[in-house]
Number of protein chains: 2
Amino acid sequence: MLSELLLTEIVRLGTEKNLPLHRRLYEALRGAILDGKLGSGDRLPSSRELSQDLGLSRNTVVAAINQLSVEGYLICRIGSGTYVNDTVPKPVTRRRLARISQIARLSRRGLALSTVYCATQLEVQPFTSGIADFSAFPVALWQRLQNKHWRMTYPEMLDYSHMGGYAPLRRAVADYLRVFRSVPVDADQVIITSGTQQSLELCAQLLADHGDTVWMEDPAYWGAVKAFMATGLKIHAVPVDDQGIAPKAADETALPKLIYVTPSHQYPTGAVMSLSRRHQLLDIARRHGAWVLEDDYDSEFRFTGPPLSSLAGLDKDQRVLYLGSFSKVLYPGLKLGYLVIPRKLGDPFKQAHYDLNRPGQMPLQAALAEFIEMGHFASALRRARQSYAERRRTLLAALKPCLGSSAHISGAEQGLHLCLHLPNTVNDQALASRVGELGMIVRPLSAYCLERKDIKGLVIGYGYAPLDDIARYGPLLAQTISSYLARSEKTPKR
Amino acid sequence: MLSELLLTEIVRLGTEKNLPLHRRLYEALRGAILDGKLGSGDRLPSSRELSQDLGLSRNTVVAAINQLSVEGYLICRIGSGTYVNDTVPKPVTRRRLARISQIARLSRRGLALSTVYCATQLEVQPFTSGIADFSAFPVALWQRLQNKHWRMTYPEMLDYSHMGGYAPLRRAVADYLRVFRSVPVDADQVIITSGTQQSLELCAQLLADHGDTVWMEDPAYWGAVKAFMATGLKIHAVPVDDQGIAPKAADETALPKLIYVTPSHQYPTGAVMSLSRRHQLLDIARRHGAWVLEDDYDSEFRFTGPPLSSLAGLDKDQRVLYLGSFSKVLYPGLKLGYLVIPRKLGDPFKQAHYDLNRPGQMPLQAALAEFIEMGHFASALRRARQSYAERRRTLLAALKPCLGSSAHISGAEQGLHLCLHLPNTVNDQALASRVGELGMIVRPLSAYCLERKDIKGLVIGYGYAPLDDIARYGPLLAQTISSYLARSEKTPKR
């Protein structure tokens, strides 16, 4: 019964959407659960049985079941089997969220935080941006290092982490940044945080008051928008051009307290901030007594062109705070990042970080310190760069047919995504939905815009999807874009 | 040379302060580093050599060196030895912090966050409150569980954690709370956070706007004060009596949006909120449309008296959010806690938590889920209760001689600390400093007060120190208090 139902769905999804097999099985099972065809508490056949009944490889079945377990649809009870969860999560649409929020009487801030610029939480399809391929992470090596540090552990390692983090990790980060990013930094300027979100909140909480203005790039990185909304800042949007953030004289009437930028690879346009723009920005910061938050997003992956000094490296005035994380080279769930602060901010930042966040995870910090010291980080980075370079080449080649007068690419020199610019008459949200129906995720550029209405396009990631998927789906993506453009050119403008 | 210097210091500290040996060696080494007698980059003799030269046990030497490494004074280079760090941290006084902060141009919020109600970060002496004895944590078992889940791991487990956390852990928490705390809760109401600080921030961000009022107990838990300061709330202090928070009619003119309480064991007075007070509080919340944040701090450790239902268990109206953490039964650096939310808040909270915090650590969440499911949590709790019950008895016996008309204890029925109340004429800060000179940490009750000036006393913890230390230092503590009280009674009041 079940296997017939699933088979029918799998075939249908194959015809309609051309999804990979594990994805079709995932969709079929999820559909059966959401429709109630599989009731809560029902036991699933074993993966062996399913793979026989459906004629699929065991790996395919396991991949689908794992994904559903992670998302909470299924429960694996050890020694007993896999069951449909009694509390199946419901996918939440933006409209439904807004309705719920009003009923639930969230605050104005809460309503905004839970309904605008929200990330989708299921991002498993090809071309999702903002995520790296952590499936290549050397789990066995990592486990060995963790074990070593757990074996050597003494009680203090189980306590909260003091003084900005485990000292050897702060030193390893400082060494890495000095060598690879020319950031002049000592270990005592490094604070280990739980990642960029926590670093951003800490900066906003300590350096700005409610109602102060933060300059943001427009279009912008959603995570940073959220952090500034949560801390009560007024967001002033400054348009980005092909040299990065491009402030005009008029912008300076909105006096900045903080300026948040992603100079290495602007998220999402991919623009690399030019050297003259970097100097201009530091000059503005100096004139207004503002702090610059340099999120050195994607700096690890540069494919062509000369490296540019970080803003922190150019800063003569101790106004730049430098943010990084390990999630792109190791894995996202690690939740360790760093914040490099000017020396004079060291003591208050460490004290407030301890009081506000009570940081911890020292055995993990110790394993990471050794991972870096022993050169594993550098080799993981090297391997990743090679692998991403190939994906990038493959994607660029696949996209070639759809480029031309009405479509061009920016931001492909660096990072794990590129931006395909389209004419402003194109409805990029509808195009992204069309692509989504085919089992790929691309994001409409306009969805990242804070105020401006003059740019349209697609943000296309090549970090997450394996090379095979890029080779298989790339041409389909290009073809979908081309035919959409052709159609919309024929449609008379209203 | 070095060993003679250290020996002299160790003897001196023994005479003057009566500290345990590892603590004296720690102080002696730290002093030598801060004085520059040990220069940055200097290699320390091996722990074997040090233990021979100083006539101390190897364990004593290792304990001191470990503590100094954790604090960043020393670096252990594998296969090479232990060196003095080139970036020795400097102890920060409150006055110095305030000065630095002004120079560094923190925001008003930042200045407050880094200078008032700050926790000391080095809390290794006996009688420190707010911390459990995590040295008894079963590290080997924990390592085994972690290993199992790392071996079974699939790439999705390395990603961020979606939908409020790893589903089996949310289910395990719900089961635990239903059984042990009579909180009526389903797994989909549980959100896994990085601990109470993150839970508090999330509640404040989603349920309150800048300038809204939060009622807090006076005296109050510093961590919560910080979270509300960071999120821009106005704090209204409501005095605590022996039945917990005691709001008067006048308080209700400061309309509450949030009410934050620690009903199981008020921090720091230790008062257990009476049942009638619980109903009164829920009634106030209903009348004003306020949310109650129930921090069920120390609920795990009840020694005498009947259990009282949690506020969440009494709530008919879906106004209570329930906060807990695993740091007291497992270890602080674990950084996993939970937030139980009314059903109608589920979707927006999960979405905003993902967007703001990008939670992770799924392999750790999986290990914890199994730790709970397999009954290890329950047995760790049982063992801990027995061990703390004995420490509590020993401390109470030791304190007996100093009790009387001018000193009485509250809050010893539950939790890991008690509160010794003293006459309002006593300078409890001076008394706490005097105790500190003898190598113990107790906190002055007045340091926790938000507005009131009518209570003095000492907050004395028995969770962190081993039984031996309590037996050894308890009488010294009692004697110090007694003689201080005797002296201050003789001193004529001015």
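Residues numbered from 1 in each chain as written. Chains lettered and ligands numbered in written order. Predicted model: local features only at pLDDT ≥ 70, side-chain atom pairs only at ≥ 80, totals over all residues. Heavy atoms only, no water.

> Explanation requested: the overall build of chain A in the structure shown.
The helix and strand inventory of chain A stands at 17 helices and 14 strands. In summary, chain A has a C-alpha radius of gyration of 24 Å against a globular reference of 23 Å for 494 residues, a match within 12%. Along the first, second and third principal axes, the C-alpha atoms of chain A reach 70 × 70 × 50 Å. For chain A, the share of sequence-separated contacts (at least 6 apart) that also reach a separation of at least 24 residues comes to 73%. Surface accessibility of chain A: about 18500 Å² in total, with carbon and sulfur atoms responsible for 52%. Side chains of chain A carry 59 positive and 47 negative charges; the gap between the two charge centres is 2 Å. (Helix = DSSP H or I, 4+ residues; strand = E, 2+ residues; numbered from the N terminus. Rg over C-alpha atoms; globule rule 2.2 N^0.38 Å. Contact = heavy atoms within 4.5 Å. Areas by Shrake-Rupley, 256 points an atom, 1.4 Å probe, with all protein chains shown as cover. Lys, Arg positive; Asp, Glu negative; His and termini not counted. Charge placed at Lys NZ, Arg CZ, Asp CG, Glu CD.)

> What should I look at first to understand the packing of aromatic side chains in this one?
Working definition: an aromatic ring pair is given by the centre-to-centre distance plus the angle between the planes. All names here are of chain A. As enumerated under the stated definition, the model contains 42 aromatic pairs over all chains in all. Look at Tyr117 and Trp222: their rings are 6.5 Å apart centre to centre, the planes differ by 50°, and that puts the pair in the tilted class. A residue pair is termed long-range when its members are at least 10 positions apart, and Tyr117 in the loop between α6 (108–115) and α7 (139–151) and Trp222 in helix α10 (residues 222–230) qualify at 105 residues. Note on accessibility: Tyr117 and Trp222 belong to one class, buried. Taking the centre distance of 4.8 Å and the plane angle of 20° together, the rings of Trp222 and Tyr448 count as stacked. You can see Trp222 sitting in helix α10 and its partner Tyr448 sitting in the loop between β13 (443–444) and β14 (456–461), a full 226 residues away along the chain. Residue class for Tyr448 comes out buried when judged on its relative accessible area of 1%. Between Arg358 and the ring centre of Tyr160, over which it is positioned, the NZ or CZ distance is 6.0 Å. (Phe/Tyr/Trp six-rings, centres within 6.5 Å; stacked < 30°, edge-to-face > 60°. Buried < 20%, exposed > 50% of the residue type's maximum accessible area, 1.4 Å probe, protein only. Lys NZ or Arg CZ within 6 Å of the ring centre and 35° of its normal.)

> Is there a simple way to think about the state of the cysteines in this case?
In protein structure, a disulfide is the covalent linkage between the sulfur atoms of two cysteines. Inspection of every chain in the model, using the stated rule, returns 0 disulfides over all chains. A:Cys402 carries a free sulfur, and the closest cysteine sulfur to it, the one in A:Cys419, is 12 Å from it. On the accessibility criterion, A:Cys402 (5% relative accessible area) is buried. The thiol sulfur of B:Cys118 is not disulfide-bonded, and the nearest other cysteine sulfur, from B:Cys449, lies at 17 Å. (Disulfide = S-S within 2.5 Å.)

> How should I be thinking about the sheet that holds strand β8 (residues 291–295) of chain A in this particular structure?
In sheet architecture, strand pairing relies on hydrogen bonds along the backbone and comes in two forms, parallel and antiparallel. All names here are of chain A. Pairing within the open sheet is mixed, and its 8 strands lie in the order β3-β10-β9-β8-β7-β4-β5-β6. Two strands lie at the open edges of the sheet, namely β3 (190–193) and β6 (244–245), each paired on one side alone. The sheet contact formed by β8 and strand β9 (residues 320–325) spans 4 bridges and is parallel. Looking across to β9, one finds that Leu293 is bridged to Leu321. Here helix α9 (residues 196–207) sits on the sheet in contact with β3, β7 (258–261), β8, β9 and β10 (337–340), set at roughly 160° to β9. (Pairing = 2+ DSSP bridges. Axes fitted to C-alpha atoms, helices over the stretch in contact; angles between N-to-C directions.)

> Even after reading the chapter, I still don't get the domain arrangement of chain A, so can you show me in this structure?
A common measure of how large an interface is: the accessible area buried when the components associate. Each assigned domain of chain A is listed here: domain 1 (2–85), domain 2 (122–134 + 379–490) and domain 3 (139–374). When each unit is reduced to the centre of its C-alpha atoms, the spacing between domain 1 of chain A and domain 3 of chain A is 41 Å. (Domains from an automatic or database assignment.)

> Sorry if this is basic, but what is going on with the sheet that holds strand β11 (residues 408–410) of chain B here?
Residues and elements named next belong to chain B. In spatial order, the strands read β11-β12-β14-β13; together these 4 strands make up an open sheet with antiparallel pairing. Where the open sheet ends on each side, the last strands, each with one partner, are β11 and β13 (443–444). Two strands pair when backbone bridges link them, and β11 and strand β12 (residues 417–422) are joined in this way by 3 bridges, in the antiparallel orientation. Paired with Ser410 across the two strands is Cys419, which belongs to β12. Against the sheet, helix α16 (residues 428–437) engages β12, β13 and β14 (456–461), with an angle of about 35° to β14.

> Sorry if this is basic, but what is going on with the interface of chain B and chain A here?
Every contact between the two is made by 102 residues of chain B and, on the other side, 102 residues of chain A. Across the chain B to chain A interface the summed buried area is about 9200 Å²; carbon plus sulfur atoms make up 55%. Where chain B packs against chain A, one counts 4 salt bridges. Linking A:Asp355 and B:Lys226 is a salt bridge whose minimum nitrogen-to-oxygen distance equals 3.2 Å. Element by element, the count of residues in the side of chain B that touches chain A is highest for helix α13 (residues 346–357) of chain B, at 10 residues. In the side of chain B that touches chain A, the residues fall into 49 nonpolar, 29 polar and 24 charged. (Buried area = accessible area lost by both parts, 1.4 Å probe. Salt bridge = Lys/Arg side-chain N within 4 Å of Asp/Glu carboxyl O. Nonpolar A, V, L, I, M, F, W, Y, C, P; charged D, E, K, R; others polar.)

> Even after reading the chapter, I still don't get the relation of the copies chain B and chain A, so can you show me in this structure?
Here the two chain copies are tied together by a rotation about an axis and a shift along that axis. Between chain B and chain A, which share one sequence, the superposing operator has a rotation angle of 180° and an axial displacement of 0.0 Å; the RMSD is 0.1 Å. Such a combination of rotation and displacement between the chain copies is what one expects of a two-fold axis. In terms of C-alpha distance to the rotation axis, chain B has B:Thr231 as its closest residue, with the C-alpha 3.1 Å off the axis. (Least-squares fit on C-alpha atoms with pLDDT ≥ 70 in both.)

> What should I look at first to understand the packing of helix α15 (residues 376–399) of chain B against helix α17 (residues 467–490) of chain B in this one?
To characterise two packed helices, one gives the angle between the axes of the helices and the distance between these axes. Residues and elements named next belong to chain B. Running from N to C, α15 and α17 point in directions that differ by 25°, and their axes come no closer than 8 Å. Considering the angle they form, α15 stands roughly parallel to α17. Where α15 crosses over α17, the two elements pack in a sense that is right-handed. Contacts between α15 and α17 involve Glu390, Arg391, Thr394, Leu395, Ala398 and Leu399 from the first element and Leu467, Ile470, Ala471, Gly474, Pro475, Leu477, Ala478 and Ile481 from the second. Considering only residue class, the contact of α15 with α17 consists of 10 nonpolar, 2 polar and 2 charged. (Parallel < 35°, antiparallel > 145°, perpendicular 65-115°, else oblique. Left-handed = near helix turned anticlockwise from the far one by under 90°.)

> How do you make sense of the pairing of strand β8 (residues 291–295) of chain B when you look at a structure like this?
Regular strands have side chains that alternate between both faces of the sheet. Residue and element names in this part refer to chain B. With 5 of 5 residues buried, β8 is to be regarded as a mostly interior element. In β8, alternate side chains face the same way, and those of Trp291, Leu293 and Asp295 on one face and Val292 and Glu294 on the other are all buried. Pairing between strand β7 (residues 258–261) and β8: 4 bridges, direction parallel. Considered in β8, the bridge of Val261 is made with Glu294. Taking the sense of rotation as the criterion, the β-α-β connection linking β7, helix α11 (residues 275–288) and β8 turns out right-handed. (Right-handed = clockwise from strand over helix to strand, strands pointing away.)

> Looking at this model, I keep getting lost on the confidence of the model for chain A. Mind explaining?
Atom-level detail of predicted coordinates should not be read off regions where pLDDT is low. Summary statistics for chain A give a mean pLDDT of 88 and a share of 93% for residues scoring 70 or more. Predicted as a complex, the structure gets a pTM of 0.84 and an ipTM equal to 0.84. (pLDDT = per-residue confidence, 0-100.)

> Would you explain the environment of B:Val272 in this entry?
Residue placement: B:Val272 occurs in the loop between β7 and α11. Between the C-alpha atoms of B:Val272 and B:Glu413, which are 141 residues apart in sequence, the distance is 8.5 Å.

> How should the pattern of salt bridges be read in this particular structure?
Once the charged atoms of two side chains with opposite charge are near each other, the side chains can pair. For the coordinates displayed, the defined rule picks out 38 salt bridges over all chains. A:Asp188 is the partner of A:Arg343 in a salt bridge, and the nearest nitrogen-oxygen pair spans 3.8 Å. Linking A:Arg343 in the loop between β10 and α13 (346–357) with A:Asp188 in the loop between α8 (167–181) and β3, this pair joins segments that are 155 residues apart in sequence. Residue classification places A:Arg343 among the partly exposed residues on the basis of a relative accessible area of 46%. Taking relative accessible area as the criterion, A:Asp188 reaches 22% and is therefore assigned partly exposed. When the shortest N-O distance is used, the salt bridge between B:Arg452 and B:Asp454 registers 2.8 Å. You can call B:Asp454 partly exposed: its relative accessible area is 45%. If you follow the salt bridges from partner to partner, you end up with A:Glu252, A:Asp283, A:Arg286 and A:Arg287 in one network.

> When you look at unusual backbone geometry in this model, what are you seeing that I'm missing?
Excluding glycine, residues mostly carry a negative phi; peptide bonds, for their part, are mostly trans. The omega angle of the peptide bond from A:Asp218 to A:Pro219 is 5°, so this bond is cis rather than trans. By the element assignment, A:Pro219 lies in the loop between β4 (213–218) and α10. In this structure, A:Arg358 takes a positive phi of about 40° despite not being glycine. Mapped onto the elements of the fold, A:Arg358 is located in the loop between α13 and α14 (362–373). One non-glycine residue with positive phi stands out, namely B:Met163, at about 55°. You can see B:Met163 is positioned in the loop between α7 (139–151) and α8 (167–181). Take B:Met163: its relative accessible area is 16%, and that puts it in the buried class.

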